[in-house]
Every structure is written in structure tokens, then in C-alpha cells.
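What the coordinates show
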Amino acid sequence: MVNRGLMGATGLQFRHHMIGPKQSNSGPVMSDISNLKSKILQQVAEAADLDALEATRVAAVGKKGEVSLMMRGLGKMSPEEKKIAGPALNALKNEINSALAARKAGLEDAALNERLRTEWQDVSAPARPVGQGSVHPVSQVTEEIIAIFADLGYGVAEGPQIENDYYNFDALNIPPEHPARQEFDTFYMHRDEGDNRPPHVLRTHTSPVQIRHMEKHGVPCRIIAPGRVYRSDYDNTHTPMFHQVEGLAIDKDISMANLKWTLEEFCRAFFEVDNVELKFRASHFPFTEPSAEVDIRCSWQGGQLKIGEGDDWMEILGSGMVHPKVLKAAGVDPEVYQGFAFGIGIDRLAMLKYGIPDLRAFFDSDLRWLRHYGFSSLDMPNMRGGI
Ligand code: PHE
């Protein structure tokens, strides 16, 4: 044990002896420092961009950089040598760090200046044109109708476009054998063989919303229900899909006179003419009794339609007092409640108000037509004072 200890001590002394001559060589150490300094400062000055500068920093003062390695060598020096080399190396490190910081700031400034130069924008340049859509006449007219009836206290209700035949027919007093089922040119949904459920249809009118609304919300009520409806029909005033707005007002003291006033008030506001004349023509719908179709006085002069004057009459809607059987089907007691309903063709109103001759063009998606007849999104629905 003793021997080994002595040998160890001897070994240490030997190492010191070997290192000794190197440490005494302080001249070269100082000149190494000064060479390194000028080399690194030159690299810093020449670093072309931030990446190159970072590489220089790592190679010089990074953990394994040249300066760091020299600092590690201090431990092997004699105290006298350390006294000179230590502060010199610290000063070198500081000098390099401040040179790095200065160069970094310079490069960042240059990069920013370059960005500002290349990303320059002319704020006075005119804006690029933006493709602009337009509001379809049907959407515009629907909004106008909703706004007018909102002023009369009506809310908006909705129902499904795929209906079952109960809501579209039966509940509206149109039993299966009723001829009105044929008149409607109904689209029936496909049923697999052996599927004996009652048929679904594409709704042929918005009237089923009457039933759905009363079932769900009860009475009294005042609603309109705009939406798409479908019938298998096609010519210049008929398309297989078109738009209706249903109206329904139920309360304890509603009469045909209220229906007449409401529709006249609506037409005055919608067509923006004071002298609207409506003709209530006796008619028949299974779901109203009595029923009336309504024509509006108009004139065609030189292809121009004028509402409220002339000798022509144009049919615009169907209406009547809601049939007691319809009220019953919706769970409403016809002994206590009664009211009116109407169904207006929205597309037809749009054609009349904006002088659009062919209904089929409504659904052709022809951009030229849409640009001509479409509305700006900033066009507010027409509102006149008075109602
Ligand atoms: N639903 C009828 C149609 O589509 C219009 C209407 C609605 C008639 C309400 C009377 C009452 O022709």
C-alpha cells in the first residue's frame, strides 16, 4: 500500500516536471493571444451575414471555441504566467464579445434596411379590382317581403323542402283521392320496392308550414314562411323549382276584412305605389273557406309594367280563411280561433316589380343576367314610411 502511494506521488511530480518548461513559455502565449485577437476580429468584421457571424462566435467564444480552450489552459500555467495571461484572455473575450455585438447590430440594421427597401409599398396605388357578386332578385325580394311583414308584426317560420304527404296534403284537407293532388304535379321521392311507408314529396307549396308552426307554437300567431317549392312544370312563367311566401294570422277575432287590409297594405309598400287596387276573385283551395285569388290592377305600355293604373289585372296570390279542418289537424279549436292564410309567388313579384320578362332566366346562373338584374349587397330592402 505504502509503495503504491509513493509511486503515485512520484508520478504526479513527474507530470509537473514535464509541464514545467511549457508553462514558462509566456512570450508565445501572449503572442498567441494577440494573433488570435486579430484573426477573430477580422473574421467578425468580415462576417457577411448573421449566420456567418454566429459561426465565428461559436468558433471563438463558444464552449469549444479557441478562446475558451485557451482559458482552460490557464489551469496549467504557473501563477506568474496566469497573472498575465488571465486578464489578457478576459480582455480578449470582452473585446470579441463587444465586436460581435456591434457587428450583429450592424448586420441587423442592414437586413432591416434591405427589407424596407425591397418591401416598399405605394400606399397611394389604386386597389386591385375585387370580383363582386350580386344579390339575386329572388333573395332581394324575399328580404323586402320579410321587412314589410316584420313591420306588420309577422315573424318568419320555416319548414322542410322534403315533406311527407301528411303535411303537404292530408293535414291541409287534401285527402289521397282529392283531384288537387294531381293538379299539383308533385315530385314523389323514390321508394324501394317493399318500402310501404307513406310517400315523401318535394313540397308543392309553403302551406305545410302552417300546420308545422301551429303544432309546435300554438295560436294566436302571425307568421310568414318564405321558401322553395317544387312542381313538375316548365315554360316561361313556370319552373320546376320556384319560391313562395306563406302568410298565416290566427286569433280569436280575425276576419276576411283583415286579410284584405293586410294584402293591400303589403302591395302598397312592396310596389311603392299609393293607389294599389286589388280584386278578390272567389276561388277554391281545399285548405281555405272562403277562398280568394287576388289580382292587381296594372297596365302594360310599350312593354313597361305599371302597377295601380290601366285596364289589366294580374294574378299575384291565393288566399282565404283557414279551413276549420286545417285548424283541427294542427290541434287548434276552430270554435275559438280563426284566421287567414295566403300564398304569394315570390318569383312572380320579382318579375313584376323589376320588369324581368322570363322566369326561366332566374335559375340559369348566367353571370350577365345576374350582373344586370342583381342587387348590390348594400341595397337595403325598400321601406316606405307609413306602415
Ligand atoms: N298553397 C296555395 C298554392 O300554392 C296558395 C295558398 C296559400 C292559398 C294559402 C290559400 C291560402 O297555390
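What counts as what
Residues numbered from 1 in each chain as written. Predicted model: local features only at pLDDT ≥ 70, side-chain atom pairs only at ≥ 80, totals over all residues. Heavy atoms only, no water. Domains from an automatic or database assignment. Helix = DSSP H or I, 4+ residues; strand = E, 2+ residues; numbered from the N terminus. Buried < 20%, exposed > 50% of the residue type's maximum accessible area, 1.4 Å probe, protein only. 1 Å grid on protein atoms, 1.4 Å probe; cavity = no way out; pocket = protein on both sides within 12 Å on 5 of 7 lines; lining within 4 Å. Points joined across faces, edges and corners; volume = space filled by probe spheres on them. Near = heavy atom within 4 Å. Polar contact = N/O pair within 3.5 Å; in protein donor to acceptor, adjacent residues only side chain to side chain. Areas by Shrake-Rupley, 256 points an atom, 1.4 Å probe, with all protein chains shown as cover. Sits in = over half its atoms within 2 Å of the grid points. Nonpolar A, V, L, I, M, F, W, Y, C, P; charged D, E, K, R; others polar.

1. Regarding the domain arrangement of the protein chain
- Looking at the assigned domains, one finds that the protein chain contains domain 1 (8–113) and domain 2 (137–373).
- Once you take the C-alpha centre of each, domain 1 and domain 2 turn out to be 92 Å apart.

2. Regarding unusual backbone geometry
- With an omega of 0°, the peptide bond running from Val-219 to Pro-220 counts as cis.
- With respect to the helices, strands and loops of the structure, Pro-220 is situated in the loop between helix 9 (208–217) and strand 4 (221–230).
- In this structure, Pro-290 follows Glu-289 across a cis peptide bond, with omega equal to -5°.
- With respect to the helices and strands, the residue Pro-290 is situated in strand 7 (residues 288–301).
- With a phi close to 60°, Glu-272 is a non-glycine residue in the positive phi region.
- Structurally, Glu-272 can be placed in the loop between helix 10 (256–271) and strand 6 (278–285).
- We note that Ser-365 has phi near 55°; this positive angle belongs to a residue other than glycine.
- Among the secondary structure elements, Ser-365 is positioned in the loop between helix 12 (346–354) and helix 13 (367–373).
- With a relative accessible area of 59%, Ser-365 lands in the exposed category.

3. Quick look at the layout of surface pockets
- Estimates place the volume of the largest pocket at around 960 Å³.
- Residue lining of the largest pocket: 39 residues in total, with Arg-231, Phe-242, Gln-244, Phe-285 and Glu-315 positioned closest to the centre.
- When contributions to the lining of the largest pocket are tallied by element, the ones reaching two or more residues are helix 8 (180–183), strand 5 (241–251), strand 6, strand 7, strand 9 (312–322), strand 10 (338–345) and helix 12.

4. Things to note about the site of the ligand
- If you check the shell around the ligand, you find 14 residues, and the closest are His-205, Ser-207, Arg-231, Gln-244 and Glu-246.
- In the model, a nitrogen atom of the ligand is placed 3.0 Å from a nitrogen or oxygen of the His-205 side chain.
- One of the side-chain nitrogen or oxygen atoms of Ser-207 is found 2.9 Å away from a nitrogen atom of the ligand.
- Taken by itself the ligand offers 320 Å² of open surface, and the protein chains cover 93% of this.
- When atoms are counted within 2 Å of each cavity's grid points, the one that captures over half of the ligand is the largest pocket.
- Among the elements of the structure, strand 5, strand 9 and strand 10 are those that each provide at least two residues to the shell around the ligand.
- For the shell around the ligand, the element with the most residues is strand 10, which contributes 3 residues.
- Split by residue class, the shell around the ligand holds 4 nonpolar, 8 polar and 2 charged.

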